[in-house]
Amino acid sequence: MSSETVNLRTLDGGEVGLDAAVLDPIPDGARLRPGSPGFEDATRIWNGMIHKEPALVIQPETAGEVAFAVDLAREHELMFSIKGGGHNISGLALADGGLTLDMSRMKAVRVDTDSRLVQVGPGCLLGDVDRVTQEHGMATTLGFVSETGVAGLTLGGGFGYLSRRFGYTVDDLVEVEIVTADGQTRRASRASEPDLFWALRGGGGNFGVVTEFTFRLHEVGPQIMGGLIAWPAEDHAEDVLGLYREITTSAPREMTLVATMRLAPPAPFIPEQWHGNPMVAIVACHTGEPAQAAADLSPIKEFGKPITDQVMAKTYAEQQSMLDATQPKGANYYWKTEFIPGLSDPFLDVFRANAAGIESPMSQFMMFHVAGAINEHVEDDGAVGNRDAAFVTGAAGAWPATDPNGESYQAWVRSAWENIRPFSTGGNYVNFQTTDDDVARIESAYRGNYHRLRQVKAEWDPGNLFRVNRNLEPDRL
Ligand SMILES: Cc1cc2nc3c(=O)[nH]c(=O)nc-3n(C[C@H](O)[C@H](O)[C@H](O)COP(=O)(O)OP(=O)(O)OC[C@H]3O[C@@H](n4cnc5c(N)ncnc54)[C@H](O)[C@@H]3O)c2cc1C
């Protein structure tokens, strides 16, 4: 790269030309520009609606290289972003015209079975971690789709099939190594830099570049019982949602149920005559003893006449990747969600009515049961908050990038969201926010923790270098 100039966008919207020689400390092949081999892979993200192109990508392998990039960005006031798994729906992985740190070369996963801890590199996807921890019959709390990045999921809070037992992902987070805006590498935990650690447990990428996460592990799997069971919506929606409410009211924490309504996809396990017709489905995951799992799941398996019943004994790792195919990279996605405290009759009526308006073959209206361990922490145990939530619900709009009806699918998401807002706890999940969610939405994601989060932000990132995120300093963009 020497003797060339790299033009990069700056924080104030201007541009700076850097002599490419300043990048020499980063090995060849780990500093990419448009057209370089690997550039497209490094900048490809999940949501096809986002069109951003960094002018420079650095792929660090060490915390030292991360610190170099942070120093470079701070000294030249570069627009700067961090790409974990690239799954954020708002496209927060990429700095348009600026410098993107792609963490995909930092993928180490180390399990310590004695201390029941796992150290995870910031480039890991969920599947990378589950694969290794499951070799020891253990897991930490991660999300429902194995291709999601650990870093972004964790920093926004994180929930999944194990949350009812163990809480948010950040409730399992024990320590992080982080490069802060001053270029220093630090370790943060409840004992060391407690304010910073508190903020990192939900406050997103606002505070620095995490170079390692340490999570607590629990005995889970490898065998569990889980899968999807679906019924035709026309005859069954009301009864299935009623059953869902009844079971989730008393379900043991080993059992997590997700309810979804959509048009039946052309999946091989769904008989062809149902493809494209409205269906109501429950995705189940039971990580308890096999006999108990069978007993707890039997009311669901015996209910009505399902179109398909895929609930069976399987590995936890299989369960964790079961929904991957429903979320292909590069399609268009637009979501709106809320946390809710419970399932009232009027809410279930709205749920069904919203689902009846689905036109896209990929969109869904969903609810995830999360009540349990997350509710046993005080509201300000970590920035994540939302300790009063029992379900996460919302409209997940999705359609092929070539489908011309995107406007109409987005309009459905917005109107379905307006219908569920009256049932909200007042909180929403920061990691599900889209580009058009405003500052008020960020504030309502954190509610009582927002003010303290902004104080910690002002202390650790006074120049708002880390701003390609759900930003806590909107006045300083
Ligand atoms: C299909 C799908 C399923 C999902 N399922 C779940 C689920 O079950 N549970 C759940 O909780 N969430 C879920 N999510 C939401 C998910 O948590 C967010 O999209 C999250 O932002 C993804 O993280 P990422 O690393 O892939 O994102 P990226 O787009 O790479 O990054 C997102 C944000 O994290 C920051 N970031 C990334 N790496 C670092 C780092 N090393 N240091 C500091 N900041 C960093 C970035 O700056 C950016 O602001 C899902 C998302 C998708 C698309």
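Residues numbered from 1 in each chain as written. Predicted model: local features only at pLDDT ≥ 70, side-chain atom pairs only at ≥ 80, totals over all residues. Heavy atoms only, no water.

Colleague: Any chance you could break down the side chain of Arg387 for me, citing the residues and the numbers?
Modeller: Position of Arg387 among the secondary structure elements: in the loop between β20 (364-369) and β21 (391-399). A relative accessible area of 5% places Arg387 in the buried class. Within polar-contact distance, the side chain of Arg387 engages the backbone oxygen of Asp381 at 2.8 Å. Those residues in contact with Arg387 that sit more than four places away from it in its chain are Tyr168, Asp171, Arg201, Ile374, Asn375, His377, Val378, Glu379 and Asp381. (Helix = DSSP H or I, 4+ residues; strand = E, 2+ residues; numbered from the N terminus. Buried < 20%, exposed > 50% of the residue type's maximum accessible area, 1.4 Å probe, protein only. Polar contact = N/O pair within 3.5 Å; in protein donor to acceptor, adjacent residues only side chain to side chain. Contact = heavy atoms within 4.5 Å.)

Colleague: Quick rundown of the pattern of salt bridges? Include the residues and the values.
Modeller: Applying the stated criterion to the full structure yields 33 salt bridges. Its salt-bridge partner being Arg74, residue Asp71 comes within 3.0 Å of it at the nearest N-O pair. Taken as a pair, Asp71 and Arg74 lie in helix α2 (residues 63-75) at a separation of three residues, close to a single helical turn. Overall, the relative accessible area of 23% leaves Asp71 in the partly exposed class. Here Arg201 ties to Asp171 by a salt bridge, and the two come within 2.9 Å at their closest N and O atoms. Taken as a pair, Arg201 in the loop between α6 (194-200) and β12 (209-216) and Asp171 in the loop between α5 (163-166) and β10 (173-179) lie far apart in primary sequence, 30 residues in all. Like Asp171, Arg201 is buried. In the salt-bridge network here, residues are joined through shared partners; they are Arg110, Glu175, Glu177, Arg187 and Glu212. (Salt bridge = Lys/Arg side-chain N within 4 Å of Asp/Glu carboxyl O.)

Colleague: Please provide a residue-by-residue account of the sheet that holds strand β5 (residues 80-83), values included.
Modeller: Neighbouring strands of a sheet are bound in pairs by backbone hydrogen bonds; such pairs are parallel or else antiparallel. The strand order across the open sheet formed by four strands is β3-β4-β6-β5, and the pairing between neighbours is mixed. If you trace the sheet from one side to the other, it starts and ends with β3 (31-32) and β5, each paired once. Running at roughly 165° to strand β6 (residues 99-102), α2 makes contact with β4 (56-58), β5 and β6 of the sheet. (Pairing = 2+ DSSP bridges. Axes fitted to C-alpha atoms, helices over the stretch in contact; angles between N-to-C directions.)

Colleague: Give a description of the site of the ligand that names residues and reports values.
Modeller: Taken together, 33 residues are adjacent to the ligand, and Gly84, Gly86, Phe144, Phe159 and Tyr429 come closest. Contact between the ligand and Gly149: an oxygen atom at 2.9 Å from a main-chain N or O atom of the residue. One of the side-chain N or O atoms of Tyr429 is found 2.6 Å from an oxygen atom in the ligand. Considering the ligand on its own, with 950 Å² of exposed area, one finds that the protein chains cover 97% of that surface. Of the residues forming the shell around the ligand, the biggest block, four residues, is contributed by helix α4 (residues 150-156). Looking at the shell around the ligand residue by residue, the classes come out as 17 nonpolar, 15 polar and one charged. (Near = heavy atom within 4 Å. Areas by Shrake-Rupley, 256 points an atom, 1.4 Å probe, with all protein chains shown as cover. Nonpolar A, V, L, I, M, F, W, Y, C, P; charged D, E, K, R; others polar.)

Colleague: Now, about helix α7 (residues 233-250): what can you tell me, with residues and values included?
Modeller: Its 18 residues place the ends of α7 24 Å apart at the C-alpha level, agreeing with the 26 Å of an ideal helix rising 1.5 Å per residue. Its axis deflected by about 25° at Asp239, α7 carries its strongest bend there. Buried residues of α7: Ala233, His236, Ala237, Val240, Leu241, Leu243, Tyr244, Ile247 and Thr248, and no others. (Expected span 1.5 Å × (residues − 1). Bend = angle between axes of the 7 residues up to and from the residue.)

Shape descriptors only; they carry no functional weight alone.
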